[in-house]
Amino acid sequence: MKSVTVVAHPNIALAKYWGKRGGDGNVPAVPSLSVTLSGMSTTTTVTFDDGLAGDELVLNGAIVGDRPLARVTALLDVVRREANIGAHARVVSRNDFPTASGLASSASGFAALALAAVRAAHLDWSRPRVSDLARRSSASAARSLFGGFVELDGGEGAPGLALPVAGPDAIDLRVLVCVATEDAKLISSTEGMRVTQETSPYYAAWLTEGPLLCARIRDGVLAGDFRAVGECAERSALAMHACAMAAGVVYVSGTTLAALAEVRAMRALGIDAYATIDAGPHLKCLVTSQSMHDAKTRLARVPGVVRILETSPGPGARVLEEGTDR
């Protein structure tokens, strides 16, 4: 059988999605636009082996079962069915950044898994088709198949396609990831979305505002307008979290809020800096290359910030190694 190793990068949504449309396909309730980031990566090897009694998952050096393994098996079952093979697979994956803590490890993880599994099974699928496979396990993973700036459609009637908008150099953008903890988050994104959809009094407003902000951010990226992108990205993040917090779903911490206050203080001093926050406590500061050093120095002094990861727009998922059939 064939062994394939793939590297993929997480992405952060500049225009957030929060919530899923009803029905099959794991399609978001609103469109989103993200940037795929170099500086953080997931490396995954998939080996189909007739000698295995079941699928195996090794994540960051530890054997993993239960729900994470079940999600991996569900994706592998689609590949096995399409390739007409019965062999189980060994999946070995490692992240070089905190896992399951709001840094999009599921995006890079399932993007890497989808591409590695498809190639290991000898399927000649296009990248959009691999992206569609990844989305069914993790909606944001559909975006990590592509590099640069990527839009994922959503809402009623949308097929859930991820499409490249612009390359990594479309805008002068750097992202400083303020790591607030190395621990996994207590509420998964899936559960947080479900509770928000069912109970937040602001969810209807989010369904209206989300697509509008996505369109403005797309226009800003295509125009190379950093400030327009930054302003709308910060607004999108705060609107998403306000909607979730109204349902009792809280991902931010004191460190998050202190870092946000520092970003706003920098803007008041004329430093181009904006904030975005995903479903976790880590604030991501959007800056230009010119402002990166000053911003990093100031954010490093924020109480509770464990470390800062320097990232920039990067490439999509790609194959690193393909072993020989055996």
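Here, every reference points to the structure presented above.
To keep things clear, this report deals only with the structure shown in the data block. In this text the structure is predicted, and so the values were computed from the model without any measurement. (Residues numbered from 1 in each chain as written. Predicted model: local features only at pLDDT ≥ 70, side-chain atom pairs only at ≥ 80, totals over all residues. Heavy atoms only, no water.)

So, the side chain of Arg143
Secondary-structure assignment places Arg143 in helix α4 (residues 141–144). Look at Arg143: it is buried, it has no salt bridge, and the nearest opposite charge is Asp278 at 6.2 Å. Reaching out from Arg143, the side chain makes a polar contact with the side chain of Asn11 at a distance of 2.8 Å. With sequence-adjacent residues up to four places away left out, Arg143 is seen in contact with Asn11, Ala13, Tyr17, Ser32, Ser34, Thr36, Val150, Leu152 and Ala162. (Helix = DSSP H or I, 4+ residues; strand = E, 2+ residues; numbered from the N terminus. Buried < 20%, exposed > 50% of the residue type's maximum accessible area, 1.4 Å probe, protein only. Lys, Arg positive; Asp, Glu negative; His and termini not counted. Salt bridge = Lys/Arg side-chain N within 4 Å of Asp/Glu carboxyl O. Polar contact = N/O pair within 3.5 Å; in protein donor to acceptor, adjacent residues only side chain to side chain. Contact = heavy atoms within 4.5 Å.)

Notes on unusual backbone geometry
Positive phi is not limited to glycine here, since Asn60 has a value of about 50°. Relative to the assigned elements, Asn60 resides in the loop between β5 (56–59) and β6 (62–64). We classify Asn60 as partly exposed; its relative accessible area is 29%. Located in the positive-phi region is His122, a residue other than glycine, with phi close to 65°. Summarising the element assignment, His122 is placed in the loop between α2 (105–120) and α3 (127–135).

Things to note about the packing of aromatic side chains
Overall, the coordinates contain two aromatic pairs when judged by the stated rule. When the ring of Trp18 is compared with that of Tyr251, the centres are 5.9 Å apart and the planes differ by 90°; the resulting orientation is edge-to-face. Residue Trp18 is located in the loop between β2 (11–15) and β3 (32–38), and its partner Tyr251 is located in the loop between α7 (226–245) and α8 (254–268); the two are separated by 233 residues in the primary sequence. There is no split in this pair, since Trp18 and Tyr251 are both buried. Directly above the ring of Trp125 sits Arg129, whose terminal nitrogen or CZ lies 4.0 Å from the centroid. (Phe/Tyr/Trp six-rings, centres within 6.5 Å; stacked < 30°, edge-to-face > 60°. Lys NZ or Arg CZ within 6 Å of the ring centre and 35° of its normal.)

Digging into the sheet that holds β5
Pairing is mixed across the open sheet formed by six strands, whose spatial order is β6-β5-β7-β4-β1-β14. Edge positions in the sheet fall to β6 and β14 (318–322), since each of these pairs with one other strand and no more. Averaged over all neighbouring strand pairs, the angle between strand axes comes to 25°, with direction disregarded. Summarising the sheet, β5 and strand β7 (residues 88–95) pair through four bridges and their orientation is parallel. (Pairing = 2+ DSSP bridges. Axes fitted to C-alpha atoms, helices over the stretch in contact; angles between N-to-C directions.)

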